[in-house]
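Secondary and tertiary structure notes
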Amino acid sequence: VIPPLFRQTRRHHRVSSCAGFATHIVRVVELRMSTEAASPGARWREAGDAVVGNLRDSESKVSLADVASDAASAAGLSFVASVNGRKSFSAAFGQRSLSTKLALLVPATEPRNGRRSLTRISVVSSKEGQINDGDLAEDDVKVVQITPNNFRVTSTCSRDFLIEPFEPFKMDQFLRTLLYEICPPFVNWFVVLFVEICIFRHTTEEAVCAASARGFTPLPGPLARLVSRFDPPDYSGNGDILLFGMFWFPVFAVAFSSDARAFVEPLELLPLSILLLCRVSVIACKYALLPSSYCGDVNGKIYGVITQSDMARTLVGSAWLSPKMKAHEDLLRQDVENACLEADVDLRETRIDVGSAEAATAVRARAGGVGRRSETGVANTPSVVSGKELLAAIVDAHIGRTLPDWVLPILVVGGVAYALVSPVCRGAVGVPMFGDNALSQATAATLFLSSLFLFLNNMVFTVSCAWTFRRQRDAICCLNDIMRFPGEPVANILPPSPKLQRTKHKKESRKNQHANGAGDEHGKKIELPEKEPPAVVAARAAAARGAVVLVDLKDPLSCLCWSLVRRALRRVGSSWARRMNLYSIVFLVAAFTCAGSLLVLCYGAGTRSHRLTTAGELFYLAIVVSGLCSLTVAEGSAINDLVPVVRTSLKREVVAIAAQLAGMQGNGRERKQNAATETNERVRRDEREALTDALRLIERVEQYVHLEEEHSHPVEVFYRVPATTAAITFTVSSLLSMLLIAAQRWFQMTGSEGWSYGGANGEFGVTDPTR
């Protein structure tokens, strides 16, 4: 591989004398002696300049491979090291590039308590002059190198909250969280203290902080502030008491009261227990995959005083489903940096031409300063953006979308319907829907409320799995559209129109505001539109005219950048996606448990009787959960289905370029017969070389997409199962078969064997022995 500098030299200079080559050697030696103390990059540039200058003056025939080797030797570098430092290799192997650009971080150690100290890692700047071109506008998110080739993503919005690429599953956190969450309120606080102090050797204060961060408290009401370790103290532990006290009240009532047991049999608590176990397992999976900087035994944030926003940024409902909230506005930027680390790409110095200055302005405006180029670079090439700008813009436009407003009302309706299954089934068999005494009424009421809240809580987790795949599919569709005609509309990339802001009318500016027509008569509150830069205004006007973002992959720089952005885009939100994969396993097991329980109830009715309430709730849960699991698999499969589509588009580019090359060869023979000028021949030769290079690059990109996205790293569900139609078929057919077998057995028993729910309190038994 010959560097471009010498490739150009080969085209325009020929050397033919041994004297010129000897002069070249002398210059190389002199250069090496004078640049020993310079940086590798400077040594390479000076060596190259000397060699090129010599080649211009000499006439001897010298092998360009020898020239390149001599130049690298003069610069004090190996040829491999010099090539690895070039932009294409730095972009394609991001971690290797960052390891030379980022200085090792020396964490600061602060005393936390008498037993251990806290190692603080803050946002630090990189080596001077290395990656300033890619710094953020707010400078709040950075990649730091903790140890050689060991990177973390930091943010000023949450101190010491570090995202680690490929966060491992922590079994100890899974097991201890499973234990904490399954304990009743009040009890769980003491369990946390016992386990953390006696087993994991934390101090009492650290254990209290951990219990507070998990939302546990031993004191109800305002007294919860006494043990709260949030900054400022709050009543967060009361939510745990309220929600799960409603679950444990009917459990204890059924266990210790015969009256409550006559109204609610123990088996009726099975569906509710399944929902509780689902929630407990989901939270345990969450802590098992949270960054070590948050829950690790060494330097974990939860073992100190934290804020509510620190905890909220780890939750699916308040963070990942609403990633642009003010409390964690850096969340998407951290995910972009983490995606680049996991994809092993460095997009800071990559460039891609998006077709027009207006399209580039829309991308830069949506990126919000991430990966921004210098003002000089933007002025020289206004239609070009960096790869990180394009990635950040697509992530903000699609991954940053919140859950649609219509989803929550549907979930509420489904939750209310599930909570009503129990009283409706009781009423259908002649039992009072909400009991006939105070204890049974309290039991029925708490069952209704706990069923509603647990159902909604679990359905949010289930829907988040499908919504994560939907957002990722839309983002990849956007990237696919920008490389084929007609392109992606600029209107889809531009940030939302500025909202009207309410500001107070100050006396000093009252006259000016009235003159501009922006103030009101009484000077209380006015509405002023935010001002946008002229370039963004022009981009909005172009979007209204139908402007598009369109990339031509025949440009080698754009083709390389597009392929690397695609690799990183598939890994955005990967830490959340791994968590969602475990969630999908939890709910698939729950669906099979419900369906299997129905089979046991129907085929084991002669041994253990049950009531209509139990069968109705299990059937409802099996249908809803299996449906949502199938929806999750379908959304994941839709992402994998996009791979053949984009490969087809790339193949069309290859066919068109190959046809053009074939035509140029034919025209070249005809023109040779017509004695074409040497200038035209040189232009045609350069064009053939450019098209040949583009053909090879697009072919390699297509092969890489095929290998990585279809074989090496396809989208997976249920942790390690590729999301395909086969996975959908397995999920749907298995659950449907179990439900149909249970239904067939039920109809057989009620139709020909005399079984019905006409027993005491609606129990399932033989009521007509004559059949």
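A brief report on the enclosed structure follows. From a predicted model like this one, the values you see are computed outputs, not experimental measurements.

So, on to the pattern of salt bridges. Within this structure, the stated rule accounts for 35 salt bridges. As a salt-bridge pair, Glu268 and Arg611 come within 3.3 Å of each other at their nearest N and O atoms. Of this pair, Glu268 sits in the loop between helix 12 (258-263) and helix 13 (270-289) while Arg611 sits in the loop between helix 26 (574-603) and helix 27 (612-640); the two residues are 343 residues apart in sequence, bridging distant segments of the chain. Across the pair Glu653 and Lys554 runs a salt bridge whose closest N-O atoms are separated by 4.0 Å. One end of the pair, Glu653, is in helix 28 (residues 642-673); the other, Lys554, is in the loop between strand 10 (548-549) and helix 25 (556-569), with 99 residues separating them in the sequence. A relative accessible area of 36% means that Lys554 is categorised as partly exposed. When salt bridges with common partners are traced through the structure, they connect Arg401, Arg470, Arg473, Asp474 and Glu635 into a single cluster.

When you tally the buried positions in strand 4 (residues 150-155), you get five out of six residues, the bulk of the element. One ladder, built from six bridges, connects strand 3 (residues 141-147) with strand 4; its direction is antiparallel. Bridging from a neighbouring strand, Lys142 pairs with Thr154 of strand 4.

Turning our attention to the packing of helix 26 against helix 30 (residues 725-752). One can describe the packing of helix 26 onto helix 30 by two numbers: an axis separation of 9 Å at closest approach and a directional angle of 20°. In terms of their interaxial angle, helix 26 and helix 30 are classed as roughly parallel. The two elements helix 26 and helix 30 meet at a crossing, and its hand is left-handed. Residues Leu588, Ala591, Phe592, Ala595, Gly596, Leu598, Leu599, Cys602 and Tyr603 of helix 26 pack against Thr731, Ser734, Leu735, Met738, Leu739, Ile741, Ala742, Arg745, Trp746 and Met749 of helix 30. For the contact of helix 26 with helix 30, the per-class residue count stands at 15 nonpolar, three polar and one charged.

Let us look at the packing of aromatic side chains. In the structure shown here, the tally under the stated rule is 14 aromatic pairs. Pairing Trp189 with Phe190 gives two aromatic rings, centres 5.1 Å apart and planes at 85°, and the pair type is edge-to-face. On the basis of an interplanar angle of 85° and a centroid distance of 5.2 Å, the ring pair of Phe247 and Trp248 is categorised as edge-to-face. The exposure class assigned to Phe247 is buried, which follows from its relative accessible area of 4%.

If you look at the biggest cluster of nonpolar residues, it comprises 142 residues, and the most contacted ones within it are Leu390, Leu391, Trp562, Leu569 and Tyr583. Sort the elements by how many residues they give to this core and helix 22 (residues 438-481) lands first, with 17 residues. The contact partners of Leu390, leaving out residues within four places of it in the chain, are Ile352, Val363, Val385, Leu479, Ile482 and Val565. By size, the runner-up hydrophobic cluster in this structure holds 21 residues, among which are Leu102, Ile163, Ala210 and Ile306.

Reading the values: the criteria
Residues numbered from 1 in each chain as written. Predicted model: local features only at pLDDT ≥ 70, side-chain atom pairs only at ≥ 80, totals over all residues. Heavy atoms only, no water. Salt bridge = Lys/Arg side-chain N within 4 Å of Asp/Glu carboxyl O. Helix = DSSP H or I, 4+ residues; strand = E, 2+ residues; numbered from the N terminus. Buried < 20%, exposed > 50% of the residue type's maximum accessible area, 1.4 Å probe, protein only. Pairing = 2+ DSSP bridges. Axes fitted to C-alpha atoms, helices over the stretch in contact; angles between N-to-C directions. Parallel < 35°, antiparallel > 145°, perpendicular 65-115°, else oblique. Left-handed = near helix turned anticlockwise from the far one by under 90°. Contact = heavy atoms within 4.5 Å. Nonpolar A, V, L, I, M, F, W, Y, C, P; charged D, E, K, R; others polar. Phe/Tyr/Trp six-rings, centres within 6.5 Å; stacked < 30°, edge-to-face > 60°. Core = buried A, V, L, I, M, F, W, Y, C linked by side-chain atoms within 4.5 Å.

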